[in-house]
Amino acid sequence: MAQPTPLTAPRGEGDGAPAATAASAAQPADAGRLLDDPAEWSAFSKPVEGRADCWESHLVIEGMHCAACALTVEDALRHVPGVASASVSAGSRRARVVWQADAVQPSGWMEAVRRAGYRALPAQDAFASERRRRETRKALWRWLVAGLCMMQVMMYAWPAYVAAPGDLSAEMEQLLRWASWVLTLPVMLFSCGPFFSAALRDILQRRLSMDLPVALGMAITFAVSTAGTFDPHGTFGKEVYFDSLTMFVFFLLTGRWLEQRLRERTAGALDALMNRLPDSVLRRRSDGEFERVAVRRLQAGDVVRVLPGEAFPADGTVLEGETLADEALLTGESRPLPRGVGAAVIAGSHNLNAAVLVRVERTGTATRFAQIVALMEQAATSRPQLAQLADRLARPFLIGVLLAAAGAAAFWWSHDPGHALMVAVAVLVVTCPCALSLATPAAMLAAAGSLARQGVLVRRLGGLEALAQVDTVVFDKTGTLTRDAMVLQAVQTRAGVSREQALAMAMALAQQSLHPVSRALVAAGQGEGVPPWLPQEVREFPGQGLGGSAAPAAGSPAQALRLGSPAHCGVSVTAPAGPHAVLSDAQGWLATFELGEDIRPDARATVATLQRQGVEVRLLSGDAEPAVARIAQALGIAEARGACTPQDKLAFLHEAQQRGRKVAVVGDGINDGPALAGAHVSFAFGQAVPLAQAQADFVVLGDRLAGVSHTLLLARRTMRIVRQNLAWAVAYNAACVPLAVAGWLPAWLAGLGMAASSLLVVFNALRLVVIDKDQKETS
């Protein structure tokens, strides 16, 4: 096999970064030309089914800090002709845009976001992480400058607080004021830059966001203190507030920086999965050499070389080499899986320890990875009902803040103008709609990220809200509580014939057939280490069984055998109620094999966990009543119904809902479509679920049924934390606003309170990730 070209080798013709990546690095005009090329749309958009020339794009919005910002971006997008719908989530800072290609180009609605004062980037932008690192470094520098200057200003302000009358001369006091003023300048010009630029943008566009009252408070404090410094005998010369200003700027920057880091951590699994594909890959040319090409250039039939540490760029088959693949975020399988020649690999999984050659089978939206990303993007831009209510209250809340600050200043003006303005500043700074708007999405995004790490996709964040109220769970049987394959449960044999002998003779015939009963017998024998007899002249009789001869060893006389129904074997025996097979020889009946459905190993524990939580468990299946009853008895399910049509399942749901029950349905996502759609909340279970068609609120990627009970428990913890966050946000604002209006809350303490309120909400949401991780490690 030809050796690959070095990683530093020139790229092939027409290669390069995907449009989404190149656009983010290009100048605005160049980026617009790249994004408007229809050949590049698939890199950041997908066509909407059933609507001609209609596309859906997912974006990351930079510069948003609160719910008012999200509403502003949403309004800007919706007012673009050709944009059919737009939704923006303040919690995840993501947007979903549906647009008509014959009416608007991507550069058109991205430019609308830019004019609104924000930056829109494709959600799968490869430069996003690097850009976030740069922004984090800038934020850290602003914080460091504010902290250093704050400490120096506090040192200069300290004598004025502790000096007795006559200890500090007027000249020395004035010198200390001038020193504080000089040290405050870097804070105002550099550290406060983002607040002032955002506030100026809001003023020019006649709208409100959280940055406007904050910047107004900073500007008023600096102006009052500057006036007192330049004219110590004037109206505002009684006192300066440089120490309070630098302190609350430092606290605000501390809160915003920590909040940014915590946001990234709570939604880290979402971003980690969405940006899992590599930018480029080594593709084999017709001459056998390798060239590095953009992943979007791959087509079915291409042969690529995937190096250790790289992600597989498409679904495919291994042609050469052996390695281990990490599929944890895609299938829920926590252990690395061996992948050798002929094995299938999936896009987005990681190659861990050796280079392999892979033939591409499916690319782009045809891969399971793309379907998973589409579901997660939908969750990231969805807004639960509680979050929508908080968002609607954000702008009226800010208007109320400005009016309260103006009223407080007017009330205190006659007493002391300087004090009046500082009371207004405290009102402007202390009020925090951020905590209110973050209360719900912060917790739900943390829960969604935690579930994604364990192979459970949240399709709709509101599903967590509904799941927390569920008191009844309805399971389908086949493919959900049981595996598709049968298992051997019992063996009855003729006197003088051991279980191993009967199984060895049955295996000789069964290994020549693909019937589920035959496969179950072969699997049972292999699992018990039973060597099969040697088959001779085996023939399959469709619908009846197998016939032939077999010998225990080479050179031994062969024995005529039949395997199948009693009639096929020519014997009359009492048949078990469930699936079974009879083995006979020339002397007649030899053995009966009783088979049953393979109950998932964790099904019994999952049902027990739900019942311990006060959840009623029901089983509805289209299978025969006896088979359903056996499974229900084995799992401890009190109420089970068999022979149910999809309409019967739907009727049961409606009846339960009319009694006031909150019902969740767990099914395979295909045959249970009506029941999944009719339930309060639904799970699509199994690796064979077609994700693009699954209409469930949750999709369990792996084969562990425990994901259902775990998700319900996490949903309940999530809603407890949401209620705690909302209670804290309301109580904080209800307590602090009156204190600020009364003049009992200094500006620096107001800044500390505002930063702490947002941080407390995000820290509380982060408990979901920590608690969930601890429980997973101990389980």
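We now turn to the structure provided with this report.

1. Details of the overall build of the protein
- Secondary structure summary: the protein contains 25 helices and 27 strands in total.
- Per-residue burial for the protein yields a buried fraction of 54% across its 779 residues.
- For the protein, the accessible surface area stands at approximately 33600 Å², while carbon and sulfur atoms represent 57% of it.

2. Observations concerning the nonpolar core
- Core analysis: the largest hydrophobic core is formed by 55 residues, its most contacted members being Met-218, Phe-248 and Val-249.
- Broken down by element, the residue count for this core peaks at eleven residues, all from helix H14 (residues 417–430).
- When near neighbours in sequence (up to four residues on either side) are disregarded, Met-218 contacts Met-188, Cys-192, Phe-195, Phe-196, Leu-245, Phe-248, Val-249 and Leu-252.

3. As for the packing of aromatic side chains
- One pass over the full model with this rule turns up twelve aromatic pairs.
- With centroids separated by 6.4 Å and ring planes inclined at 20°, the aromatic side chains of Trp-55 and Trp-99 adopt a geometry described as stacked. With Trp-55 in strand E2 (residues 54–62) and Trp-99 in strand E4 (residues 94–100), this pair connects stretches of sequence that are 44 residues apart. For the pair shown, Trp-55 and Trp-99 are each scored as buried.
- Here the aromatic rings of Trp-181 and Phe-230 are separated by 5.5 Å at their centres, their planes lie at 85°, and the arrangement is edge-to-face. In this pair, Trp-181 sits in helix H6 (residues 170–191) while Phe-230 sits in helix H8 (residues 211–230), placing the two residues 49 residues apart along the sequence.
- With a relative accessible area of 18%, Trp-181 lands in the buried category.
- In this structure, Arg-201 packs its charged tip against the face of Tyr-118, placed 4.2 Å from the ring centre.
- Taking the ring centre of Phe-541 as reference, the NZ or CZ of Arg-562 above it sits at 5.4 Å.

4. Quick notes on the sheet that holds strand E11 (residues 337–339)
- Pairing in this open sheet of three strands is antiparallel, and the strands run E11-E10-E13 from one edge to the other. The sheet terminates laterally at E11 and strand E13 (350–351), the two strands that pair on one side only.
- Relative to E13, strand E10 (residues 323–326) runs antiparallel, the two sharing two bridges. In the sheet register, Ala-325 faces E13, and the bridge partner there is Asn-351.

5. Notes on the pairing of strand E7 (residues 290–294)
- Burial runs high along E7: five of the five residues are buried.
- Burial of the side chains of E7 extends over both faces: Phe-290, Arg-292 and Ala-294 are buried on one face and Glu-291 and Val-293 on the other.
- Here five bridges tie strand E6 (residues 280–284) to E7, and the two strands are oriented antiparallel to one another. Counted as the bridge partner of Ser-280 is Ala-294 from E7.
- Between the end of E6 and the start of E7, which pair antiparallel, lie five residues, with Gly-288 showing a positive phi angle near 90°.

6. Focus on the pattern of salt bridges
- With the rule as written, the count across this model stands at 20 salt bridges.
- For Arg-114, the salt bridge identified is with Glu-111, shortest N-O distance 2.4 Å. Of this pair, Arg-114 and Glu-111 both sit in helix H4 (residues 106–115), three residues apart, which is roughly one turn of the helix.
- For Arg-114, a relative accessible area of 47% puts it in the partly exposed group.
- Assessed through its relative accessible area of 27%, Glu-111 is described here as partly exposed.

7. Re the packing of H14 against helix H24 (residues 706–741)
- In the contact formed by H14 and H24, the axes pass within 8 Å of each other and the chain directions differ by 170°. As summarised for this structure, H14 and H24 are arranged roughly antiparallel, according to the angle between their axes. Taking contact as the criterion, the partners of Val-423, Ala-426, Val-427 and Val-430 in H14 are, on H24, Tyr-732, Asn-733, Cys-736, Ala-740 and Val-741.

8. Brief notes about a nonpolar patch on the surface
- A grouping of Leu-140, Trp-141, Leu-144 and Phe-190 is seen on the molecular surface, where their side chains present a nonpolar patch of about 390 Å² in accessible area.
- Here the nonpolar patch takes three residues from helix H5 (residues 128–162), the largest share from any one element.
- Positionally, Trp-141 belongs in helix H5.
- Trp-141 gets classed as exposed once you look at its relative accessible area, which sits at 56%.

9. Considerations on the pairing of E10
- Side chains Thr-323 and Ala-325 project from E10 onto a buried face, and the interleaved Leu-324 and Asp-326 project onto a face without burial.
- Where E10 meets E11, three bridges bridge the pair, whose relative direction is antiparallel. Paired with Ala-325 across the bridge in E11 is Leu-337.

10. Some details on the sheet that holds strand E26 (residues 681–685)
- In spatial order, the strands read E15-E27-E26-E25-E16-E23-E24; together these seven strands make up an open sheet with mixed pairing. Pairing within the sheet leaves two strands with one partner each, and these edge strands are strand E15 (456–458) and strand E24 (639–641). Neighbour-to-neighbour, the strand axes of this sheet turn through a mean angle of 20°, independent of strand direction.
- Pairing of strand E16 (residues 472–475) with strand E23 (residues 616–620) involves four bridges; the strand directions are parallel. Residue pairing across strands places Val-474 opposite Arg-618, the latter belonging to E23.
- The sheet contacts of helix H21 (residues 625–635) involve E23 and E24, and relative to E24 the element is tilted by about 155°.

11. What to know about unusual backbone geometry
- Residue Glu-537 is not a glycine yet carries a positive backbone phi of 50°.
- The backbone of Ala-643 sits at a positive phi, close to 55°, despite the residue not being glycine.
- Note on placement: Ala-643 falls in the loop between E24 and helix H22 (646–658).
- Owing to a relative accessible area of 49%, Ala-643 belongs among the partly exposed residues under this scheme.

The rules we used
Residues numbered from 1 in each chain as written. Predicted model: local features only at pLDDT ≥ 70, side-chain atom pairs only at ≥ 80, totals over all residues. Heavy atoms only, no water. Helix = DSSP H or I, 4+ residues; strand = E, 2+ residues; numbered from the N terminus. Buried < 20%, exposed > 50% of the residue type's maximum accessible area, 1.4 Å probe, protein only. Areas by Shrake-Rupley, 256 points an atom, 1.4 Å probe, with all protein chains shown as cover. Core = buried A, V, L, I, M, F, W, Y, C linked by side-chain atoms within 4.5 Å. Contact = heavy atoms within 4.5 Å. Phe/Tyr/Trp six-rings, centres within 6.5 Å; stacked < 30°, edge-to-face > 60°. Lys NZ or Arg CZ within 6 Å of the ring centre and 35° of its normal. Pairing = 2+ DSSP bridges. Salt bridge = Lys/Arg side-chain N within 4 Å of Asp/Glu carboxyl O. Axes fitted to C-alpha atoms, helices over the stretch in contact; angles between N-to-C directions. Parallel < 35°, antiparallel > 145°, perpendicular 65-115°, else oblique. Patch = residues over 30% accessible without salt bridge, like charges linked within 9 Å, V, L, I, M, F, W, Y side chains within 5 Å.

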